[in-house]
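Structural description and commentary
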Amino acid sequence: MSLLEIQNLSVRFGDDGAPPVVDGLDLSVDKGEVLAIVGESGSGKSVTMMALMGLVDAPGKVAADRLQFAGQDLLTLKGRQRRRVIGKDLAMVFQDPMTALNPSYTVGFQIEEVLRQHLGLKGKAARQRALELLERVEIPGAASRLDAFPHQLSGGMSQRVAIAMAIAGEPQLLIADEPTTALDVTIQAQIMDLLLSLQRDQNMALILITHDLAVVAETAQRVCVMYAGQAVETGRVPELFDAPAHPYTEALLASIPEHSNSRRLATLPGIVPGRYDRPAGCLLSPRCPYAQPRCGERPALEPYDRGEVRCFYPRNMTPGEAPEVLPESQRPSQPPGEHHVY
Amino acid sequence: MNSIETLPAAEPTAYYPSPLREFWSAFRRNKGALGGLIYMVLLVACALFAPALAPYNPSEQFRDFLLTPPAWQEGGTAQFILGTDELGRDMLSRLIHGARLSLLIGLASVVFSLLPGILLGLLAGFSPTRLGPFIMRLMDIMLALPSLLLAVAIVAILGPGLINTIFAIAIVSLPSYVRLTRAAVMTELNRDYVTASKLAGAGTLRLMFISVLPNCMAPLIIQATLSFSSAILDAAALGFLGLGVQPPTPEWGTMLASARDYIERAWWVVSLPGLAILLSVLAINLFGDGLRDALDPKLKNAA
Amino acid sequence: MLSFIARRVGLLIPTFFGITLLTFALIRMIPGDPVEVMMGERKVDPEMHAQAMERLGLNKPLYLQYFDYIGNLAQGDLGESLRTRTSVWKEFTTLFPATLELAFAALIIAGTLGLLAGVVAALKRGSLFDHGVMGVSLVGYSMPIFWWGLILIMFFSVGLGWTPVSGRIDLLYDVPPVTGFMLIDTLLSEEEGAFLDALHHMILPAVVLATIPLAVIARMTRSAMLEVLREDYVRTARAKGLSPSRVVFVHGLRNALIPVLTVFGLQIGTLLAGAVLTETIFSWPGIGKWLIESIGARDYPVVQNGILLVACLVILVNFTVDILYGLANPRIRHQR
C-alpha cells in the first residue's frame, strides 16, 4: 500500500472549458521513497503538489479519481481534519525562502506555531524543541536565531528555517518544490544534503520537484517526467537515464551539456503548448521528431516493466518490453470516477 | 535523421488579442465603469449643448413660481419639471448649466495642473541631485495642508470667482502629478531600455519625452480622472462656502449655499444640486476605477 | 530606527519654515493697502497711517518683516483677531478641543467600521457583501459632504426629529468648560442628562465627518488584505495547517495593517478639511468654522496664523504617523 496515491488529478483555472494546467496525472509514492518530479516551467509540477496540499484557490478547480495519503482520503476530508494532516504528516517547502517567511514575526514564533498546532507543545517546551530543530537543520548560533526576524537572515538560512518548520511535525512525506533554485550555487548542495540526511534519519518520503536533472540522478530513486500538465513517463533512476522511454525525456537528457557531443545543444523545435494552442493529439506531437499519424490521438499513461510511459512509440525498448499503449479515449476500466472537486 | 511526417492532427490556432482589444474587453466587463462612461457622455452632452437643452435661461426669475415643487409632487407643474428655487429660477435649466460649469472647472484645473506637474516631475526625476530635492520640498510643503484648506486660503487671498477657483484647484492638485511623474521617472530611469537609449546617443530631451514619458502615462491618466472628480467636489465646496463661483452663476455647490434655509420647505432645492454632484463624481470615479483595473495587468488575472 | 527618526525630524524643520514662508507670502499678496489689511480699517488718516506702518514694521524690507514674523512666532505672539481683539492663540486653544473631539469621534467610527468592513470584504471577495462594501464606499468618497450633512439634517433632525440641528449642547445645560471636551465636561458636571445631550449633538456631525475616511479606509484595508493574502508567507502558513482565522488575523492582518496605517494618517488631513465644512453646516464651534468666518470677515491675522497652526498640526500628525509606521514595519525598526 503506497503512502501517497494520486489518480487522474486535474487542475484547471477558470470555467470547465479552460485548458487544464494539470491533466489526468497519476502518481504514487511509497514510504521512505525519494521521488523526483521533473519538467520545464509551466509543466504543472508545482500546481500538482499545491493541489495535493489543498492550496489551490478559486478560480482554480481540482478534480481527481483518487487522492489518498497515509490511508486517508484527501478528497473527502473536511477542513479541520485536513488541517491535522497538512503541516504535520504532509509538509511542504517552497521555492523562494525570502518570501516564504512572515516578515513581521520572529523565526522562533513561526516554528513554535507548528509545534503548538500539531504537537501541543507550549512555552518552554516549544522553545526548546524549536531550538533543537534549528540545530538539526544546521543553523549556526541557533539560540540567537530564534529571536531573529526573516529579513535578518540570508537565503540559505531562511530555507533552513523553512525546512525546520516543515519537519517540526515529523512528517511522513515532505514535498520540496525547487528548494534550491533561488539560492546560490554553493548553498544549493548544502541544502540538498540536508534534505537527504533528514529523509534518511526520519525515514521520510520525499517528493523533490526540480528541473535540474543532475540533482535527480544523484538523489532520487524514482522519477516522474511531466510535460504540459501531464505525466509522460515514470521510471527508476539509473534506468531512466540510461534508456529513456518517452521522446520528451530523451530530448531532455540530450539537452544536458554533459550529454552533447556536438557544439550546439540539441533542442526540440517549437515551445510548450500554452492556453491557446493545445494540440488535439499527443501534446508533444507538434515538436516530436518521431511523430506518426497515430499520434493524432492522445495516448494514455501505460505501465510496463520499468515504469510507465505515455507514448504510442516508446523509445529504447528491449524486445518484448514495450507496453500496448491505448489512446486515452479507449482506455477501459476507469470507474465513472468519483470526481471530487475542491 | 529523424523522419518528420506531417500530422493529420489539427493545427492549433493561436489567438493572441491585441493590447487595445484586451483593454477594451477588460474594461467592458466592468458594468460600473461602463455606466460611468455613459453618464459622463451624458454630462458632456449637457455641457456642450446646455443652451439648447435647457428649457429656460438659468438666471431668469419667474416671480409667480417661487419655490414650485417638482412636477410629480403636489403643487408642481409640467412647466418646471424639477421645480424652481427661491427666486423662481428653473431647477432643471440651472442644473444643466451647472454641468457645463463643473466640467469646465474640472477640465481646466486638470489641464493647468497636469502639464506643469508633468514638467516639474520630469525635471525632478532627471535632476535628482540639484533641482529634484528643491522641487520635492516645495511639493511637500504644499501637501502639508489639506487640499481644501489650501484652496480656501488661495481663494481667500485672491478673492472669489470662477477663474480664481480654477487657479486654486489647479495649484492644489499640482503636487500629486509632480510626485507621480517623478516616481515613475525614477523607476523607468533604472530600466535597461533607457540605458540602451543613452548608449545609442539619445539626448536628455529625447529621453524625457520620447522614451520615458509614454511609459508613465497609465498612472497619470488614472490620477487625472481622480483629480477631475476632486476638482468638481472642491469647486462645489468652495461655492458652498461662498468663496468660489458667485451667485447667480448656477454652480452646483453655490446653489447649495442658499439652499440651507429651505431644508424644511423645499427639499428639492437642497437635494437636487447635491445629487447632481454626487452622480457626476460617482460616474467619473467608476470610470477611473474601471480604467485602473483594465490598465493594471496584475489585477487582471486575479479575476 | 534612530536614523529613520532623525531624518524625519530633520525634514520637520525646513517644512515648518516653508509653511511660515507660505503664510507670510499669502498675506502679503492680498490686494490693497497693507495697513488697512492688517488693521481692518479703512481711510486711516495719514498720521495714524505712518504710525501704524512704523509700528507694524511695514516699511522695512520684506525679509526683515519675515524675521519679525518668525521672531513673534517664536515668542508665541500670533497676533490679535480683528473682530474679537483676543489673541489668535487664545482663540485657537479655546476652539480647538471642539474640533479635536469631533475629529476623534469621526476617526473612531471610520477606523473601526472601515477596518472591519475591509477585512470581511477581502475574505468574502466577490460576494454580495464585498460588492456592497465597495459600492457604498465608492459612493462615500464621491459624496460632497456638505450636502450629505444637509441631507442627514433634513432627514433625521427636521424629518424625524431624532437629533438636534446644530451646536454642541442644548442651551439649557450649563456645563463649565474644564477640558474643553464636551463629552468629558458633561460627565464631570452635575447636570443630569447633559452627557446624553452632548452625545446626541455629536452623532450626526461625527457620522458626516467620518464618511469619507470610512470609505477610504475600507477600500484600502480590503485591497491591502487581498494583496497580503496572496503573499507567499500566507501560503506557507496554510501549508503549516494553521486554522483559517489564524492565517487571516495573525499572519495576514498584521502585515496588511502597515499600509493601512499610512492611509489613516492621510485621513487626518481629510478630517481637518472636512471639519471646516461640517462645522459650518452644524454650527459646531470649532476651528474650521472659525477660519471660514474669519476669511469672510477679512480678519487677516486670524487667517494667516490660523492656517499656520492648522498646517503645523497636520505636519505633526503626519510625523507621528510616519514614526508609528516605522515602528510597525520590522524592516525599518531594525535599521541602524
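Residues numbered from 1 in each chain as written. Chains lettered and ligands numbered in written order. Predicted model: local features only at pLDDT ≥ 70, side-chain atom pairs only at ≥ 80, totals over all residues.

1. Comments concerning the overall build of chain A
We apply this condition: Counting from the N terminus, the helices are the DSSP runs of H or I reaching at least four residues and the strands are the DSSP runs of E reaching at least two. Residues are called buried when their C-beta atom has 20 or more other C-beta atoms within 10 Å, exposed when it has 12 or fewer, and partly exposed otherwise; all C-beta atoms are positioned from the backbone. Contact between two residues is assigned when their C-beta atoms, built from the backbone, lie within 7 Å.
Helices and strands together make up the secondary structure of chain A, namely 11 helices and 14 strands. Looking at chain A residue by residue over its 342 residues, the buried ones come to 46%. Across chain A, every contact between residues at least 6 apart in sequence was considered, and the portion connecting residues at least 24 apart equals 64%.

2. Topic: the overall build of chain C
The secondary structure content of chain C amounts to 14 helices and 0 strands. Secondary structure of chain C in N-to-C order comes out as α-α-α-α-α-α-α-α-α-α-α-α-α-α. By the burial criterion, 42% of the 336 residues in chain C qualify as buried. A sequence separation of at least 24 residues applies to 71% of the contacts in chain C between residues at least 6 apart.

3. So, the interface of chain C and chain B
Applied cut-off: Polar here means any residue other than Ala, Val, Leu, Ile, Met, Phe, Trp, Tyr, Cys and Pro, which are nonpolar, and Asp, Glu, Lys and Arg, which are charged; Gly is therefore polar.
At the junction of the two partners, chain C supplies 36 residues and chain B supplies 35 residues. Among the elements of the structure, α1 (2-28), α6 (128-142), α7 (145-159), α11 (244-282), α12 (287-296) and α13 (300-328) of chain C are those that each provide at least two residues to the side of chain C that touches chain B. Among the residues forming the side of chain C that touches chain B, the class breakdown is 29 nonpolar, 7 polar and no charged.

4. Some words on unusual backbone geometry
The amide bond that connects Pro247(B) to the next residue, Pro248(B), takes the cis arrangement and shows omega of 10°. Along the polypeptide, Pro248(B) turns up in the loop between α10 (217-240) and α11 (252-259).

5. Digging into the confidence of the model for chain C
Quick note on the threshold: Confidence scores here are pLDDT values: one per residue, from the predictor, ranging 0 to 100.
When the pLDDT values of chain C are averaged, the result is 83; 95% of them are 70 or greater. Quick note on the complex model: pTM equals 0.81, ipTM equals 0.86.

6. Quick look at the sheet that holds strand β13 (residues 307-309) of chain A
Residue and element names in this part refer to chain A. For the record, the criterion: Only strands that DSSP links by at least two bridges are regarded as paired with each other. Orientation is described by axes fitted as lines to C-alpha atoms, over the contacting stretch for helices, and by angles from 0 to 180 degrees between their N-to-C directions.
Within the open sheet, the 8 strands sit side by side as β7-β8-β9-β3-β10-β11-β13-β12. Their pairing is mixed. A strand with exactly one partner marks an edge of an open sheet, and here the two such strands are β7 (90-93) and β12 (302-304). When strand polarity is set aside, the average angle formed by the axes of neighbouring strands in this sheet is 20°. Sheet analysis places strand β11 (residues 230-236) next to β13, joined by 3 bridges and oriented antiparallel. Residue glutamate 233 lies in a different strand from β13, and its bridge partner there is valine 309. Docked against the sheet, helix α1 (residues 45-53) engages β3 (34-38), β7, β8 (173-177), β9 (205-210) and β10 (222-227), running at close to 145° with respect to β9.

7. Digging into the nonpolar core
Convention followed: As used here, a nonpolar core is made of buried Ala, Val, Leu, Ile, Met, Phe, Trp, Tyr and Cys residues. They are joined through C-beta atoms within 7 Å.
In terms of nonpolar packing, the biggest core is built from 270 residues, with Ala164(A), Leu173(A), Leu174(A), Ile207(A), Leu149(B) and Ala151(B) touching the most fellow members. Tallying contributions element by element places helix α9 (residues 194-229) of chain C first for this core, with 21 residues. With sequence-adjacent residues up to four places away left out, Ala164(A) is seen in contact with Ile111(A), Leu133(A), Leu134(A) and Val137(A).

8. Here we look at the packing of helix α12 (residues 267-295) of chain B against α6(C)
Rules: Each angle gets one of four labels, with under 35 degrees taken as roughly parallel, over 145 as roughly antiparallel, 65 to 115 as roughly perpendicular, and the rest as oblique. When the near helix sits turned anticlockwise from the far one by under a right angle, the crossing is termed left-handed; a clockwise turn instead gives a right-handed crossing.
Put simply, α12(B) and α6(C) touch, their axes get as near as 9 Å, and they point 120° apart. In terms of axis orientation, α12(B) runs oblique to α6(C). Two packed elements cross with a definite hand, and for α12(B) against α6(C) that hand is right-handed. Judged by residue contacts, Leu278(B), Val281(B), Leu282(B), Asn285(B) and Leu286(B) of α12(B) engage Leu138(C), Val139(C) and Ser142(C) from α6(C). Of the residues in the contact of α12(B) with α6(C), the class split is 6 nonpolar, 2 polar and no charged.

9. With respect to the pairing of strand β5 (residues 66-69) of chain A
All names here are of chain A. Alternating residues of β5 divide into Leu67 and Phe69, all buried, and Arg66 and Gln68, none buried. When strand β1 (residues 4-13) meets β5, the two strands line up antiparallel, connected through 4 bridges. Paired with isoleucine 6 across the bridge in β5 is leucine 67. Adjacent in sequence and paired antiparallel, β5 and strand β6 (residues 72-73) are bridged by 2 residues, among which alanine 70 carries a positive phi angle near 50°.

10. Points about the environment of Leu150(B)
In this fold, Leu150(B) is placed in helix α6 (residues 147-158). Along the backbone, Leu150(B) and Ile171(B) are 21 residues apart, and their C-alpha atoms lie at a distance of 8.9 Å.

11. Describing the packing of α11(C) against α13(C)
Residues and elements named next belong to chain C. The contact between α11 and α13 brings their axes to 9 Å, and the two run at 175°. When the interaxial angle is binned, α11 and α13 end up roughly antiparallel. Contacts from Leu257, Ile258, Leu261, Thr262, Phe264, Gly265, Ile268, Gly269 and Leu272 in α11 reach Val310, Val314, Val317, Asn318, Val321, Leu324, Tyr325 and Ala328 in α13. In terms of residue class, the contact of α11 with α13 is made up of 13 nonpolar, 4 polar and no charged.

12. Observations regarding α1(C)
In an α-helix, one turn spans 3.6 residues, which is why side chains three or four residues apart end up on the same side. In plain terms, the rule: In this analysis, the expected span of each helix is defined as 1.5 Å times one less than the number of residues it contains.
For α1(C), which comprises 27 residues, the first-to-last C-alpha distance of 40 Å matches the rise-based estimate of 39 Å (1.5 Å per residue) to within 8%. Along α1(C), the residues that are buried comprise Ile19(C), Leu22(C), Thr23(C), Leu26(C) and Ile27(C). Those residues of α1(C) hidden inside the fold are in contact with α5 (131-144) and α6 of chain B together with α13 of chain C.

13. Overview of the environment of Leu48(B)
Tracing the chain through its elements places Leu48(B) in helix α2 (residues 31-48). Here the alpha-carbon distance between Leu48(B) and Arg260(B), two residues 212 residues apart in the chain, equals 30 Å.

14. Some remarks on the confidence of the model for chain A
For chain A, mean pLDDT is 86; residues scoring 70 or higher make up 95% of the total. Of the regions scoring below 50 in pLDDT, residues 333-338 of chain A engages in 4 contacts with residues more than four places distant in sequence or in other chains.

15. Comments concerning the environment of Val212(B)
Along the polypeptide, Val212(B) turns up in helix α9 (residues 204-212). In this structure, Val212(B) is in contact with Val185(B), Glu188(B), Leu189(B), Val194(B) and Leu207(B), ignoring residues within four places of it in sequence.

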